[in-house]
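Descriptive structure summary
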Amino acid sequence: MRINRFFTDLGYCSRREADKLIEGKRVRINDRLAVLGDQVSETDQVFVDGKHLQYSPPKVYIMYHKPIGITCTTERQISGNIIDAVNHPLRIFPIGRLDKDSSGLILLTNDGDIVNRILRAEFEHEKEYIVEVDKSFNQEFLFKMSRGVDIGDHVTLPCTIKSLGLRSFSIILTEGKNRQIRRMCETLGYEVRKLQRIRIMNLLLADMKAGHWKDIPSEKLQELKGNLT
């Protein structure tokens, strides 16, 4: 980032005031005097009048409507990775995952503390999905899904499930095994044709368009954090 933006992100002063500090030869980057237009990275050390300024980027919490085909990885060499898709100006990472063939709500942040708290609470918070399968199902299917399914290496926890039509249903999970819903359906003889996550705890996908993201509203963020204590 440009050196004057470093100062504004830090909350130290405005860009114009930062330029004045630089012009006054009061700013150093590592072992040299800064000049207007200099670029700095997270590994650079910035000093004003000999005082080290520790860079701490603002905390970011966003909701993203992940389209089908986007992979929830931070590895930029992988085509279709979520970091390039979101293209946020700050370094962020996804909380949890949503498989490549699925769409819907996923959260991204640069706050490692909230990531740890959410992942530790994985078996406590709700995630809701709308699912369409390849053929009609009956009440027995819904009952077995709700009671828990042996997917080979794990018996899923009881969940809430409701029919939305002959081939579609909503399901609320309180755990997050890899491709869990698809594996549950496959065990019972069904193939998932469409899967969309519409809710994570108190956050709703609502009318967000695929490929779009937005900051989590402050009141929703405070509610989310409160549910993690």
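One structure accompanies this document, and this report is about it. (Residues numbered from 1 in each chain as written. Predicted model: local features only at pLDDT ≥ 70, side-chain atom pairs only at ≥ 80, totals over all residues. Heavy atoms only, no water.)

So, the pattern of salt bridges
Summed over all chains, the structure comprises ten salt bridges. Overlapping salt bridges, with partners in common, bring together Asp-99, Asp-101, Arg-179 and Arg-182 in one network. (Salt bridge = Lys/Arg side-chain N within 4 Å of Asp/Glu carboxyl O.)

Let's talk about the state of the cysteines
Tallying each qualifying case throughout the model produces zero disulfides. For the unlinked cysteine Cys-72, the closest cysteine sulfur is that of Cys-185, found at 19 Å. Sulfur of Cys-159: no disulfide; nearest cysteine sulfur belongs to Cys-185 and is 9.8 Å away. (Disulfide = S-S within 2.5 Å.)

Some words on the layout of surface pockets
The calculated volume of the largest pocket comes to roughly 490 Å³. Forming the walls of the largest pocket are 26 residues, and the residues nearest its centre are Arg-97, Leu-98, Lys-127, Gly-176 and Arg-197. Among the elements of the structure, helix H4 (112–120), strand E8 (127–133), helix H6 (180–187) and strand E11 (192–200) are those that each provide at least two residues to the lining of the largest pocket. Looking at the lining of the largest pocket, its residues break down into eleven nonpolar, six polar and nine charged. (1 Å grid on protein atoms, 1.4 Å probe; cavity = no way out; pocket = protein on both sides within 12 Å on 5 of 7 lines; lining within 4 Å. Points joined across faces, edges and corners; volume = space filled by probe spheres on them. Helix = DSSP H or I, 4+ residues; strand = E, 2+ residues; numbered from the N terminus. Nonpolar A, V, L, I, M, F, W, Y, C, P; charged D, E, K, R; others polar.)

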